[in-house]
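# Commentary on secondary and tertiary structure
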Amino acid sequence: MSSKPRKNLLATLTVLLCGALGWLMVKSASESARERQGAANGTPAPRGQSPFDRPNPNSKLHREDRGLPAVDDPTGAGLVGERIVLFDSDEDYRRFLASLEGSGVSLLGRLDQLRALRLGYDDLDALRNLLGDQDSFGNFSVYVPEPPGENVSFSGGVGFGNALFEWLGIPRDNSAYGKDIRVAMIDTGISPDSALSNVRKIDLLNSGEGEATEFHPHGETMASILLGDGGDVQGIAPIADLSSFRIGDETGVANSFLLAEAIVQAVDSGAQIINISMGSDYESSLVNNAVDYAAENNVLIIASAGNNGAPTLSSPASHEYVVAVGALDANTNHADFSNQGESLALAAPGVAIPARSGDELIWSSGTSPSAMVTTALTVAAASELDLSVMEAYEVLTANLNEVGAPGNDPYFGAGYPDFGRVLNSETPGIYDIALVNPFHLPATEPDSVDSLLFSVQNRGTEAVPNVELQITSDLGTRAYAVGTLHPGETETIDLPIPNNVETLQVDAQATVPVNITDGKTSNNRVTGALSRITEPTAP
(Lines give C-alpha, C1' and ligand atoms only; values in the text may rest on other atoms or scores of the structure.)
Protein backbone atom coordinates (compact mmCIF):
# COMPACT_ATOMS: atom_id res chain seq x y z
CA MET A 1 0.00 0.00 0.00
CA SER A 2 1.36 3.43 -0.88
CA SER A 3 0.98 6.60 1.12
CA LYS A 4 -0.62 9.77 -0.18
CA PRO A 5 1.54 11.82 -2.52
CA ARG A 6 3.42 14.70 -0.92
CA LYS A 7 3.15 18.24 -2.23
CA ASN A 8 5.91 20.82 -2.10
CA LEU A 9 6.21 24.35 -3.34
CA LEU A 10 8.75 24.55 -6.11
CA ALA A 11 10.12 27.62 -7.79
CA THR A 12 9.58 28.67 -11.37
CA LEU A 13 10.73 31.66 -13.37
CA THR A 14 13.04 33.72 -11.17
CA VAL A 15 12.69 31.49 -8.12
CA LEU A 16 15.33 28.78 -7.73
CA LEU A 17 14.85 25.61 -5.70
CA CYS A 18 17.59 24.11 -3.57
CA GLY A 19 16.20 20.58 -3.50
CA ALA A 20 18.17 19.08 -0.63
CA LEU A 21 16.44 21.32 1.88
CA GLY A 22 13.28 21.96 -0.11
CA TRP A 23 13.73 25.71 0.14
CA LEU A 24 12.93 28.55 -2.21
CA MET A 25 15.43 31.06 -3.45
CA VAL A 26 14.12 34.22 -5.14
CA LYS A 27 16.22 36.31 -7.48
CA SER A 28 16.52 39.93 -6.36
CA ALA A 29 15.89 42.92 -8.58
CA SER A 30 19.61 43.52 -8.83
CA GLU A 31 21.60 42.67 -11.95
CA SER A 32 21.89 38.95 -12.64
CA ALA A 33 25.15 37.34 -11.57
CA ARG A 34 25.09 35.35 -14.79
CA GLU A 35 25.06 38.60 -16.77
CA ARG A 36 27.93 40.07 -14.75
CA GLN A 37 30.29 37.10 -14.57
CA GLY A 38 31.93 37.67 -17.96
CA ALA A 39 32.06 41.44 -17.95
CA ALA A 40 34.89 42.40 -15.63
CA ASN A 41 37.98 44.09 -17.05
CA GLY A 42 37.98 42.25 -20.35
CA THR A 43 39.42 39.07 -18.83
CA PRO A 44 39.43 36.28 -21.44
CA ALA A 45 37.15 33.33 -20.96
CA PRO A 46 38.87 30.29 -19.44
CA ARG A 47 39.97 27.57 -21.81
CA GLY A 48 38.55 24.74 -19.81
CA GLN A 49 37.14 23.59 -16.51
CA SER A 50 39.34 22.70 -13.59
CA PRO A 51 39.99 18.95 -13.62
CA PHE A 52 39.78 18.73 -9.86
CA ASP A 53 37.37 18.19 -7.03
CA ARG A 54 35.99 14.71 -7.58
CA PRO A 55 32.97 13.59 -5.53
CA ASN A 56 34.22 11.77 -2.47
CA PRO A 57 33.49 8.05 -3.00
CA ASN A 58 31.92 7.43 0.38
CA SER A 59 28.90 9.28 1.72
CA LYS A 60 29.72 8.90 5.41
CA LEU A 61 32.70 9.84 7.52
CA HIS A 62 33.96 6.67 9.14
CA ARG A 63 35.48 6.42 12.58
CA GLU A 64 38.85 4.74 12.46
CA ASP A 65 39.16 1.04 13.12
CA ARG A 66 41.56 0.02 15.85
CA GLY A 67 41.46 -3.58 14.67
CA LEU A 68 44.44 -5.01 12.82
CA PRO A 69 43.62 -5.93 9.20
CA ALA A 70 45.35 -8.76 7.44
CA VAL A 71 48.60 -7.78 5.73
CA ASP A 72 47.18 -8.28 2.24
CA ASP A 73 43.61 -7.18 2.94
CA PRO A 74 42.83 -4.36 0.47
CA THR A 75 39.52 -3.61 2.21
CA GLY A 76 41.14 -2.90 5.58
CA ALA A 77 40.71 0.57 7.06
CA GLY A 78 43.91 2.24 5.93
CA LEU A 79 46.87 1.62 3.67
CA VAL A 80 47.79 -2.05 3.36
CA GLY A 81 50.94 -2.96 5.27
CA GLU A 82 50.93 0.19 7.41
CA ARG A 83 49.81 1.13 10.93
CA ILE A 84 50.05 4.30 13.01
CA VAL A 85 50.86 4.09 16.71
CA LEU A 86 50.28 6.89 19.24
CA PHE A 87 51.80 7.09 22.73
CA ASP A 88 50.66 8.82 25.92
CA SER A 89 54.11 9.44 27.37
CA ASP A 90 57.63 10.21 26.19
CA GLU A 91 58.89 7.18 28.11
CA ASP A 92 56.59 4.77 26.27
CA TYR A 93 57.46 6.46 22.97
CA ARG A 94 61.22 6.08 23.47
CA ARG A 95 60.87 2.51 24.72
CA PHE A 96 58.90 1.48 21.67
CA LEU A 97 61.39 3.15 19.31
CA ALA A 98 64.20 1.18 20.94
CA SER A 99 62.27 -2.08 20.48
CA LEU A 100 61.95 -1.62 16.70
CA GLU A 101 65.47 -2.84 15.92
CA GLY A 102 65.39 -6.44 14.78
CA SER A 103 61.58 -6.64 15.10
CA GLY A 104 60.89 -7.16 11.41
CA VAL A 105 58.79 -3.97 11.41
CA SER A 106 60.09 -0.86 9.64
CA LEU A 107 59.81 2.76 10.74
CA LEU A 108 58.32 4.76 7.86
CA GLY A 109 57.92 8.05 9.72
CA ARG A 110 57.88 9.70 13.11
CA LEU A 111 56.26 12.80 14.58
CA ASP A 112 58.02 13.49 17.86
CA GLN A 113 55.79 16.47 18.69
CA LEU A 114 52.75 14.17 18.73
CA ARG A 115 54.54 10.98 19.86
CA ALA A 116 53.37 9.24 16.70
CA LEU A 117 55.00 6.55 14.56
CA ARG A 118 54.22 5.31 11.06
CA LEU A 119 55.05 1.61 10.80
CA GLY A 120 55.39 -0.66 7.80
CA TYR A 121 55.21 -4.44 7.95
CA ASP A 122 55.20 -7.54 5.76
CA ASP A 123 54.79 -10.07 8.55
CA LEU A 124 51.54 -9.73 10.51
CA ASP A 125 52.83 -11.88 13.37
CA ALA A 126 55.92 -9.70 13.71
CA LEU A 127 53.73 -6.62 14.00
CA ARG A 128 51.47 -8.25 16.59
CA ASN A 129 54.45 -9.36 18.64
CA LEU A 130 55.86 -5.84 18.57
CA LEU A 131 52.61 -4.10 19.47
CA GLY A 132 51.47 -6.34 22.27
CA ASP A 133 48.61 -4.48 23.94
CA GLN A 134 49.44 -1.19 22.21
CA ASP A 135 46.61 0.20 20.05
CA SER A 136 47.34 0.90 16.39
CA PHE A 137 45.39 2.78 13.74
CA GLY A 138 45.01 2.80 9.99
CA ASN A 139 46.86 5.29 7.81
CA PHE A 140 43.96 6.53 5.72
CA SER A 141 43.91 7.96 2.22
CA VAL A 142 43.57 11.74 1.90
CA TYR A 143 42.88 13.19 -1.53
CA VAL A 144 41.92 16.22 -3.54
CA PRO A 145 38.35 16.13 -4.78
CA GLU A 146 37.63 15.98 -8.53
CA PRO A 147 35.24 18.27 -10.45
CA PRO A 148 31.53 18.17 -9.63
CA GLY A 149 30.98 17.29 -13.30
CA GLU A 150 32.30 17.65 -16.82
CA ASN A 151 31.28 21.29 -16.56
CA VAL A 152 30.09 23.54 -13.78
CA SER A 153 26.39 23.14 -14.53
CA PHE A 154 24.22 21.68 -11.80
CA SER A 155 20.76 22.44 -10.48
CA GLY A 156 20.53 26.23 -10.23
CA GLY A 157 24.29 26.74 -10.51
CA VAL A 158 25.50 30.16 -11.66
CA GLY A 159 29.24 30.71 -11.84
CA PHE A 160 31.18 33.70 -10.51
CA GLY A 161 33.74 34.03 -13.27
CA ASN A 162 35.13 37.52 -13.68
CA ALA A 163 32.57 39.01 -11.27
CA LEU A 164 34.09 37.30 -8.20
CA PHE A 165 35.79 40.38 -6.75
CA GLU A 166 32.73 42.59 -7.29
CA TRP A 167 30.48 39.94 -5.72
CA LEU A 168 32.72 39.65 -2.66
CA GLY A 169 33.15 43.42 -2.30
CA ILE A 170 36.93 43.40 -2.92
CA PRO A 171 38.28 46.76 -4.19
CA ARG A 172 40.00 46.93 -7.58
CA ASP A 173 43.32 47.79 -5.96
CA ASN A 174 44.11 44.98 -3.55
CA SER A 175 47.82 44.87 -4.36
CA ALA A 176 48.85 45.25 -0.69
CA TYR A 177 46.57 42.53 0.65
CA GLY A 178 48.34 39.73 2.49
CA LYS A 179 51.46 41.67 3.49
CA ASP A 180 53.38 39.95 6.32
CA ILE A 181 50.73 37.26 6.86
CA ARG A 182 52.24 33.77 6.91
CA VAL A 183 50.04 31.21 5.15
CA ALA A 184 50.54 27.46 4.80
CA MET A 185 48.83 25.51 2.03
CA ILE A 186 48.74 21.72 2.44
CA ASP A 187 48.00 20.24 -0.96
CA THR A 188 49.71 18.70 -4.00
CA GLY A 189 52.51 21.24 -4.17
CA ILE A 190 53.55 23.78 -6.79
CA SER A 191 55.74 22.73 -9.69
CA PRO A 192 59.14 24.36 -10.28
CA ASP A 193 57.82 25.72 -13.59
CA SER A 194 54.97 27.64 -11.94
CA ALA A 195 54.71 31.38 -12.55
CA LEU A 196 53.83 31.82 -8.87
CA SER A 197 56.82 33.46 -7.22
CA ASN A 198 58.00 33.95 -3.65
CA VAL A 199 56.53 30.66 -2.47
CA ARG A 200 58.45 28.39 -0.11
CA LYS A 201 58.03 24.81 -1.28
CA ILE A 202 58.27 21.92 1.18
CA ASP A 203 57.93 18.49 -0.41
CA LEU A 204 57.08 15.83 2.18
CA LEU A 205 56.89 13.11 -0.48
CA ASN A 206 60.42 13.37 -1.84
CA SER A 207 62.60 14.30 1.10
CA GLY A 208 66.19 13.44 0.19
CA GLU A 209 65.17 11.85 -3.11
CA GLY A 210 65.63 14.79 -5.45
CA GLU A 211 63.07 17.16 -6.90
CA ALA A 212 59.76 15.73 -8.06
CA THR A 213 59.08 15.90 -11.78
CA GLU A 214 55.30 15.34 -11.84
CA PHE A 215 52.79 17.38 -9.87
CA HIS A 216 49.05 17.18 -9.61
CA PRO A 217 47.93 20.74 -10.55
CA HIS A 218 45.39 21.15 -7.72
CA GLY A 219 47.90 22.84 -5.40
CA GLU A 220 48.94 25.44 -7.94
CA THR A 221 45.30 26.13 -8.80
CA MET A 222 44.44 26.80 -5.17
CA ALA A 223 47.56 28.95 -4.68
CA SER A 224 46.61 31.11 -7.68
CA ILE A 225 43.33 32.06 -5.99
CA LEU A 226 45.41 33.49 -3.15
CA LEU A 227 48.44 34.82 -5.05
CA GLY A 228 47.40 35.39 -8.69
CA ASP A 229 49.71 37.99 -10.18
CA GLY A 230 47.05 40.33 -11.57
CA GLY A 231 47.17 39.11 -15.14
CA ASP A 232 44.16 37.03 -16.11
CA VAL A 233 43.86 35.82 -12.49
CA GLN A 234 44.05 38.34 -9.67
CA GLY A 235 44.85 36.84 -6.29
CA ILE A 236 42.73 37.91 -3.32
CA ALA A 237 45.79 38.43 -1.09
CA PRO A 238 48.58 38.59 -3.69
CA ILE A 239 51.54 39.37 -1.44
CA ALA A 240 50.79 36.89 1.33
CA ASP A 241 53.80 34.94 2.58
CA LEU A 242 52.92 31.43 1.34
CA SER A 243 54.52 28.11 2.22
CA SER A 244 53.37 25.19 0.09
CA PHE A 245 53.50 21.77 1.77
CA ARG A 246 53.27 18.99 -0.79
CA ILE A 247 51.63 15.82 0.51
CA GLY A 248 49.57 14.76 -2.52
CA ASP A 249 51.29 12.77 -5.29
CA GLU A 250 50.79 13.20 -9.03
CA THR A 251 47.37 11.50 -8.71
CA GLY A 252 46.28 13.84 -5.89
CA VAL A 253 46.46 11.18 -3.17
CA ALA A 254 48.13 11.53 0.25
CA ASN A 255 47.57 9.91 3.65
CA SER A 256 46.72 10.90 7.19
CA PHE A 257 50.30 10.66 8.47
CA LEU A 258 51.55 13.09 5.81
CA LEU A 259 48.64 15.44 6.53
CA ALA A 260 49.43 15.44 10.25
CA GLU A 261 53.14 15.90 9.53
CA ALA A 262 52.41 18.89 7.30
CA ILE A 263 50.15 20.51 9.91
CA VAL A 264 52.85 20.16 12.57
CA GLN A 265 55.60 21.48 10.28
CA ALA A 266 53.42 24.39 9.23
CA VAL A 267 52.78 25.34 12.85
CA ASP A 268 56.44 24.98 13.79
CA SER A 269 57.51 27.10 10.80
CA GLY A 270 55.42 30.03 12.01
CA ALA A 271 52.29 29.79 9.85
CA GLN A 272 49.38 31.87 11.14
CA ILE A 273 46.74 30.19 9.00
CA ILE A 274 46.60 26.82 7.20
CA ASN A 275 44.49 26.00 4.15
CA ILE A 276 43.58 22.34 3.52
CA SER A 277 41.58 21.82 0.34
CA MET A 278 41.87 18.04 0.69
CA GLY A 279 39.92 15.51 2.70
CA SER A 280 39.39 11.96 3.85
CA ASP A 281 36.38 9.75 4.44
CA TYR A 282 37.97 8.50 7.66
CA GLU A 283 38.55 10.36 10.86
CA SER A 284 42.11 9.91 12.11
CA SER A 285 43.18 10.28 15.73
CA LEU A 286 46.60 11.38 14.51
CA VAL A 287 45.15 14.16 12.33
CA ASN A 288 42.89 15.17 15.21
CA ASN A 289 45.97 15.46 17.43
CA ALA A 290 47.69 17.58 14.78
CA VAL A 291 44.67 19.90 14.59
CA ASP A 292 44.72 20.19 18.39
CA TYR A 293 48.43 21.05 18.16
CA ALA A 294 47.63 23.88 15.75
CA ALA A 295 44.84 25.17 18.00
CA GLU A 296 47.13 25.12 21.04
CA ASN A 297 49.55 27.30 19.07
CA ASN A 298 46.80 29.72 17.96
CA VAL A 299 46.99 28.71 14.29
CA LEU A 300 43.74 28.81 12.31
CA ILE A 301 42.91 25.90 9.97
CA ILE A 302 40.39 26.31 7.13
CA ALA A 303 39.32 23.19 5.22
CA SER A 304 36.94 22.18 2.43
CA ALA A 305 33.71 20.42 3.39
CA GLY A 306 33.85 17.82 0.60
CA ASN A 307 32.18 17.40 -2.76
CA ASN A 308 29.71 14.53 -2.89
CA GLY A 309 26.63 16.30 -1.53
CA ALA A 310 26.69 14.13 1.58
CA PRO A 311 25.17 15.06 4.96
CA THR A 312 28.60 14.58 6.56
CA LEU A 313 31.72 16.74 6.39
CA SER A 314 35.01 15.27 5.24
CA SER A 315 37.96 15.10 7.63
CA PRO A 316 39.64 17.32 8.81
CA ALA A 317 36.76 19.76 8.12
CA SER A 318 34.68 17.73 10.58
CA HIS A 319 37.01 18.60 13.49
CA GLU A 320 35.62 21.09 15.99
CA TYR A 321 38.71 23.33 15.74
CA VAL A 322 38.65 23.49 11.92
CA VAL A 323 36.71 26.08 9.93
CA ALA A 324 34.62 23.93 7.56
CA VAL A 325 33.64 25.72 4.34
CA GLY A 326 30.87 24.72 1.94
CA ALA A 327 30.12 26.09 -1.53
CA LEU A 328 27.45 28.34 -3.00
CA ASP A 329 26.88 29.82 -6.43
CA ALA A 330 26.63 33.43 -7.58
CA ASN A 331 22.87 33.51 -6.90
CA THR A 332 23.56 32.45 -3.28
CA ASN A 333 22.17 28.96 -3.91
CA HIS A 334 23.68 25.95 -2.19
CA ALA A 335 25.96 24.09 -4.62
CA ASP A 336 24.46 20.62 -4.64
CA PHE A 337 27.87 18.91 -4.66
CA SER A 338 28.82 20.58 -1.37
CA ASN A 339 28.78 18.38 1.74
CA GLN A 340 26.68 19.51 4.68
CA GLY A 341 26.96 19.27 8.45
CA GLU A 342 25.91 20.93 11.68
CA SER A 343 29.47 22.15 12.23
CA LEU A 344 29.75 23.84 8.82
CA ALA A 345 31.06 27.34 9.57
CA LEU A 346 30.08 29.18 6.39
CA ALA A 347 29.60 28.89 2.64
CA ALA A 348 31.81 30.68 0.12
CA PRO A 349 31.99 31.03 -3.66
CA GLY A 350 32.62 27.61 -5.21
CA VAL A 351 31.34 27.69 -8.80
CA ALA A 352 33.55 28.86 -11.70
CA ILE A 353 36.24 30.59 -9.63
CA PRO A 354 39.00 32.14 -11.80
CA ALA A 355 42.27 30.26 -11.26
CA ARG A 356 45.32 28.99 -13.09
CA SER A 357 46.57 25.56 -14.06
CA GLY A 358 50.00 25.84 -15.60
CA ASP A 359 49.76 28.56 -18.24
CA GLU A 360 45.98 28.25 -18.65
CA LEU A 361 43.16 30.23 -17.11
CA ILE A 362 40.52 27.86 -15.76
CA TRP A 363 37.31 28.06 -13.78
CA SER A 364 37.65 25.98 -10.65
CA SER A 365 34.54 24.56 -8.96
CA GLY A 366 34.14 22.70 -5.69
CA THR A 367 34.58 23.22 -1.99
CA SER A 368 38.36 23.41 -2.56
CA PRO A 369 38.20 26.93 -4.02
CA SER A 370 35.54 27.82 -1.42
CA ALA A 371 38.03 27.03 1.35
CA MET A 372 40.84 28.97 -0.34
CA VAL A 373 38.58 31.99 -0.96
CA THR A 374 37.77 32.00 2.77
CA THR A 375 41.45 31.65 3.68
CA ALA A 376 42.40 34.48 1.32
CA LEU A 377 39.66 36.81 2.64
CA THR A 378 40.83 36.17 6.21
CA VAL A 379 44.42 36.93 5.22
CA ALA A 380 43.35 40.09 3.37
CA ALA A 381 41.34 41.29 6.37
CA ALA A 382 44.27 40.67 8.72
CA SER A 383 46.69 42.72 6.63
CA GLU A 384 44.30 45.50 5.65
CA LEU A 385 42.78 46.01 9.11
CA ASP A 386 46.05 45.35 10.98
CA LEU A 387 44.62 42.44 12.94
CA SER A 388 45.82 39.03 13.98
CA VAL A 389 44.51 36.19 11.82
CA MET A 390 42.19 35.06 14.60
CA GLU A 391 40.85 38.60 15.02
CA ALA A 392 40.41 38.92 11.26
CA TYR A 393 38.42 35.70 11.11
CA GLU A 394 36.17 36.96 13.90
CA VAL A 395 35.50 40.16 11.94
CA LEU A 396 34.84 38.15 8.77
CA THR A 397 32.30 35.91 10.50
CA ALA A 398 30.70 38.81 12.37
CA ASN A 399 29.86 40.30 8.95
CA LEU A 400 28.48 37.28 7.13
CA ASN A 401 25.36 37.77 5.05
CA GLU A 402 22.34 35.71 6.03
CA VAL A 403 21.26 33.01 3.56
CA GLY A 404 19.15 29.85 3.65
CA ALA A 405 17.33 28.93 6.85
CA PRO A 406 17.38 31.66 9.51
CA GLY A 407 20.50 31.39 11.67
CA ASN A 408 23.07 28.61 11.31
CA ASP A 409 22.14 25.68 9.11
CA PRO A 410 23.96 22.60 7.71
CA TYR A 411 24.02 23.93 4.14
CA PHE A 412 25.35 27.47 4.61
CA GLY A 413 26.63 27.56 8.18
CA ALA A 414 26.30 31.12 9.48
CA GLY A 415 26.13 32.69 6.01
CA TYR A 416 28.46 33.85 3.24
CA PRO A 417 31.31 36.42 3.32
CA ASP A 418 30.92 40.06 2.34
CA PHE A 419 34.36 41.69 2.27
CA GLY A 420 32.89 45.12 1.73
CA ARG A 421 31.16 44.83 5.10
CA VAL A 422 34.44 43.63 6.64
CA LEU A 423 36.38 46.64 5.35
CA ASN A 424 33.68 49.06 6.55
CA SER A 425 32.90 47.31 9.82
CA GLU A 426 34.32 50.21 11.87
CA THR A 427 33.00 52.96 9.58
CA PRO A 428 30.08 54.84 11.15
CA GLY A 429 27.05 56.08 9.25
CA ILE A 430 26.42 53.10 6.96
CA TYR A 431 22.75 52.15 6.53
CA ASP A 432 21.98 48.94 4.65
CA ILE A 433 18.83 46.90 5.23
CA ALA A 434 18.75 43.71 3.14
CA LEU A 435 15.89 41.32 2.40
CA VAL A 436 17.21 37.75 2.26
CA ASN A 437 15.92 35.27 -0.33
CA PRO A 438 12.94 33.50 1.31
CA PHE A 439 13.27 30.06 2.83
CA HIS A 440 10.61 27.40 2.31
CA LEU A 441 9.61 25.67 5.55
CA PRO A 442 7.45 22.59 4.79
CA ALA A 443 4.51 21.70 7.01
CA THR A 444 5.45 19.34 9.82
CA GLU A 445 1.98 18.27 10.95
CA PRO A 446 -0.99 16.92 8.90
CA ASP A 447 -3.16 19.92 9.72
CA SER A 448 -0.45 22.58 9.37
CA VAL A 449 0.60 24.56 6.30
CA ASP A 450 3.85 25.44 4.55
CA SER A 451 5.55 28.74 5.28
CA LEU A 452 7.82 31.15 3.49
CA LEU A 453 10.30 32.72 5.90
CA PHE A 454 11.43 36.23 4.95
CA SER A 455 14.53 37.41 6.83
CA VAL A 456 15.51 41.08 7.03
CA GLN A 457 19.14 41.76 7.97
CA ASN A 458 20.95 44.93 8.96
CA ARG A 459 24.20 44.86 6.96
CA GLY A 460 25.19 48.39 7.88
CA THR A 461 26.99 49.85 10.89
CA GLU A 462 24.13 51.83 12.40
CA ALA A 463 20.93 50.73 14.09
CA VAL A 464 17.85 51.29 11.93
CA PRO A 465 14.50 51.92 13.67
CA ASN A 466 11.00 51.26 12.33
CA VAL A 467 12.00 48.81 9.60
CA GLU A 468 8.97 47.50 7.72
CA LEU A 469 8.37 44.59 5.35
CA GLN A 470 5.60 44.54 2.76
CA ILE A 471 4.73 41.26 1.04
CA THR A 472 2.38 41.39 -1.93
CA SER A 473 1.14 38.09 -3.34
CA ASP A 474 -1.96 36.41 -4.70
CA LEU A 475 -3.01 36.19 -1.04
CA GLY A 476 -3.09 39.97 -0.83
CA THR A 477 -0.78 42.60 0.61
CA ARG A 478 0.49 42.28 4.14
CA ALA A 479 2.60 44.80 6.04
CA TYR A 480 4.82 43.77 8.93
CA ALA A 481 6.53 45.95 11.51
CA VAL A 482 10.03 44.50 11.79
CA GLY A 483 11.09 47.13 14.32
CA THR A 484 14.62 48.24 15.17
CA LEU A 485 17.51 46.25 13.72
CA HIS A 486 21.00 46.69 15.17
CA PRO A 487 24.10 46.09 13.01
CA GLY A 488 24.29 42.43 12.01
CA GLU A 489 20.87 41.64 13.47
CA THR A 490 18.26 39.63 11.55
CA GLU A 491 14.50 39.41 12.02
CA THR A 492 12.36 36.75 10.31
CA ILE A 493 8.74 37.03 9.15
CA ASP A 494 6.57 33.94 8.53
CA LEU A 495 4.16 33.97 5.57
CA PRO A 496 1.80 30.95 5.76
CA ILE A 497 0.90 29.29 2.43
CA PRO A 498 -2.58 27.69 2.50
CA ASN A 499 -2.74 24.10 1.23
CA ASN A 500 -5.22 25.02 -1.53
CA VAL A 501 -2.77 27.46 -3.14
CA GLU A 502 -1.22 25.91 -6.26
CA THR A 503 0.61 28.96 -7.63
CA LEU A 504 1.77 32.13 -5.94
CA GLN A 505 3.31 35.34 -7.23
CA VAL A 506 5.37 37.13 -4.58
CA ASP A 507 6.81 40.66 -4.44
CA ALA A 508 8.42 41.55 -1.11
CA GLN A 509 10.23 44.72 -0.10
CA ALA A 510 11.90 45.98 3.08
CA THR A 511 11.76 49.71 3.78
CA VAL A 512 13.38 52.15 6.20
CA PRO A 513 12.04 55.45 7.58
CA VAL A 514 12.05 58.41 5.17
CA ASN A 515 14.68 60.25 7.23
CA ILE A 516 17.21 57.41 6.64
CA THR A 517 18.97 56.81 3.32
CA ASP A 518 19.61 53.15 2.60
CA GLY A 519 23.00 52.97 0.93
CA LYS A 520 22.21 49.82 -1.06
CA THR A 521 18.61 49.60 -2.17
CA SER A 522 19.32 46.81 -4.69
CA ASN A 523 19.10 44.20 -1.91
CA ASN A 524 15.80 45.41 -0.44
CA ARG A 525 13.44 43.53 -2.74
CA VAL A 526 12.81 39.96 -3.95
CA THR A 527 10.25 38.82 -6.50
CA GLY A 528 9.25 35.49 -7.98
CA ALA A 529 6.58 33.04 -9.05
CA LEU A 530 5.94 29.85 -7.09
CA SER A 531 4.08 26.74 -8.19
CA ARG A 532 3.13 23.65 -6.26
CA ILE A 533 3.90 20.25 -7.77
CA THR A 534 3.16 16.77 -6.53
CA GLU A 535 6.04 14.53 -5.55
CA PRO A 536 5.19 10.84 -5.21
CA THR A 537 6.42 9.12 -2.07
CA ALA A 538 7.88 5.65 -1.90
CA PRO A 539 5.37 2.85 -1.36
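It should be noted that the structure appears before, not after, this text.
Let me sum up the structure you'll find in this document. (Residues numbered from 1 in each chain as written. Predicted model: local features only at pLDDT ≥ 70, side-chain atom pairs only at ≥ 80, totals over all residues. Heavy atoms only, no water.)

## Concerning the packing of aromatic side chains
Following the criterion strictly, the structure yields 6 aromatic pairs and no others. Centre to centre, the rings of Trp 167 and Tyr 416 are 5.1 Å apart; their planes meet at 40 degrees, and the pair counts as tilted. In this pair, Trp 167 sits in helix α4 (residues 164-168) while Tyr 416 sits in the loop between α9 (389-398) and α10 (419-423), placing the two residues 249 residues apart along the sequence. Overall, Trp 167 belongs to the buried group, its relative accessible area being 15%. Taken together, the ring pairs in this structure connect Phe 87, Tyr 93 and Phe 96 into an aromatic cluster. (Phe/Tyr/Trp six-rings, centres within 6.5 Å; stacked < 30°, edge-to-face > 60°. Helix = DSSP H or I, 4+ residues; strand = E, 2+ residues; numbered from the N terminus. Buried < 20%, exposed > 50% of the residue type's maximum accessible area, 1.4 Å probe, protein only.)

## Remarks on the sheet that holds strand β10 (residues 182-187)
In a beta sheet, neighbouring strands are held together by backbone hydrogen bonds and run either parallel or antiparallel to one another. If you trace the 7 strands from one edge of the open sheet to the other, you get β11-β12-β10-β14-β16-β17-β18, paired in parallel fashion. If you trace the sheet from one side to the other, it starts and ends with β11 (199-203) and β18 (344-349), each paired once. Direction aside, neighbouring strands of the sheet carry axes that sit 25 degrees apart on average. Note: strand β17 (residues 322-328) against β18, 5 bridges, orientation parallel. (Pairing = 2+ DSSP bridges. Axes fitted to C-alpha atoms, helices over the stretch in contact; angles between N-to-C directions.)

## Here we look at empty space enclosed by the protein
The final tally for this structure, using the stated rule, is 6 cavities of 30 Å³ or more. Quantified by volume, the largest cavity comes out at close to 80 Å³. Around the largest cavity, the lining residues are Ala 195, Leu 196, Glu 220, Ser 224, Gly 228, Asp 229, Arg 356 and Gly 358. Within the lining of the largest cavity, the residues separate by chemical class into 2 nonpolar, 3 polar and 3 charged. (1 Å grid on protein atoms, 1.4 Å probe; cavity = no way out; pocket = protein on both sides within 12 Å on 5 of 7 lines; lining within 4 Å. Points joined across faces, edges and corners; volume = space filled by probe spheres on them. Nonpolar A, V, L, I, M, F, W, Y, C, P; charged D, E, K, R; others polar.)

## Comments concerning the packing of helix α5 (residues 218-227) against helix α8 (residues 367-384)
Relative orientation of the contacting elements α5 and α8 amounts to 35 degrees, with a least axis distance of 9 Å. By crossing handedness, the relation of α5 to α8 is classed as right-handed. On the side of α5, the interface is formed by His 218, Met 222, Ala 223, Ile 225 and Leu 226, while α8 contributes Ser 368, Pro 369, Met 372, Val 373 and Ala 376. (Left-handed = near helix turned anticlockwise from the far one by under 90°. Contact = heavy atoms within 4.5 Å.)

## Thoughts on the pattern of salt bridges
Throughout the structure, instances matching the rule amount to 9 salt bridges. Here Glu 82 ties to Arg 118 by a salt bridge, and the two come within 2.8 Å at their closest N and O atoms. Note that Glu 82 is positioned in strand β6 (residues 82-86) and Arg 118 in strand β8 (residues 116-121), a separation of 36 residues in sequence. The burial state of Glu 82 is the same as that of Arg 118; both residues are buried. Its salt-bridge partner being Glu 91, residue Arg 95 comes within 2.9 Å of it at the nearest N-O pair. One end of the pair is Arg 95 and the other is Glu 91, both in helix α2 (residues 90-99) and 4 residues apart, which spans about a single turn. Classification of Arg 95 by relative accessible area gives partly exposed; the value is 47%. Among the charged side chains, a network of salt bridges with common partners joins Glu 91, Asp 92 and Arg 95. (Salt bridge = Lys/Arg side-chain N within 4 Å of Asp/Glu carboxyl O.)

## What about the pairing of strand β23 (residues 450-458)?
Along a regular strand, successive side chains alternate from one face of the sheet to the other. Here β23 lies mainly inside the structure; 9 of its 9 residues are buried. Here β23 shows no split at all, with Asp 450, Leu 452, Phe 454, Val 456 and Asn 458 on one side and Ser 451, Leu 453, Ser 455 and Gln 457 on the other all buried. In terms of strand pairing, strand β21 (residues 433-435) meets β23 through 3 bridges, oriented antiparallel. Bridge assignment links Leu 435 to a residue of β23, and that residue is Val 456. Strand direction decides the pairing type here: strand β22 (residues 439-441) and β23, joined by 3 bridges, are antiparallel. Bridging across to β23, His 440 finds its partner in Leu 452.

## A short note on the sheet that holds β8
Taken in spatial order, the 3 strands line up as β6-β8-β7 in an open sheet, and their pairing is antiparallel. Of all the strands in the sheet, just β6 and β7 (105-111) have a single pairing partner and so form its edges. Averaged over all pairs of adjacent strands, the angle between their axes in this sheet comes to 25 degrees, without regard to strand direction. For β6 and β8, the ladder comprises 5 bridges, and the chain directions are antiparallel. For Arg 83, the partnering residue across the bridge sits in β8 and is Leu 119.

## Here's the deal with the side chain of Ser 280
Along the chain, Ser 280 turns up in the loop between β14 (273-276) and β15 (282-283). Taking the relative accessible area as the measure of exposure, Ser 280 reaches 4% and is therefore buried. A polar contact of 3.1 Å, which involves the side chain of Ser 280, links it to the backbone nitrogen of Tyr 282. (Polar contact = N/O pair within 3.5 Å; in protein donor to acceptor, adjacent residues only side chain to side chain.)

## Looking at the side chain of His 440
For His 440, the location among the structural elements is in strand β22. You can call His 440 buried: its relative accessible area is 0%. A distance of 3.1 Å separates the side chain of His 440 from the side chain of Asp 450, its partner in a polar contact.

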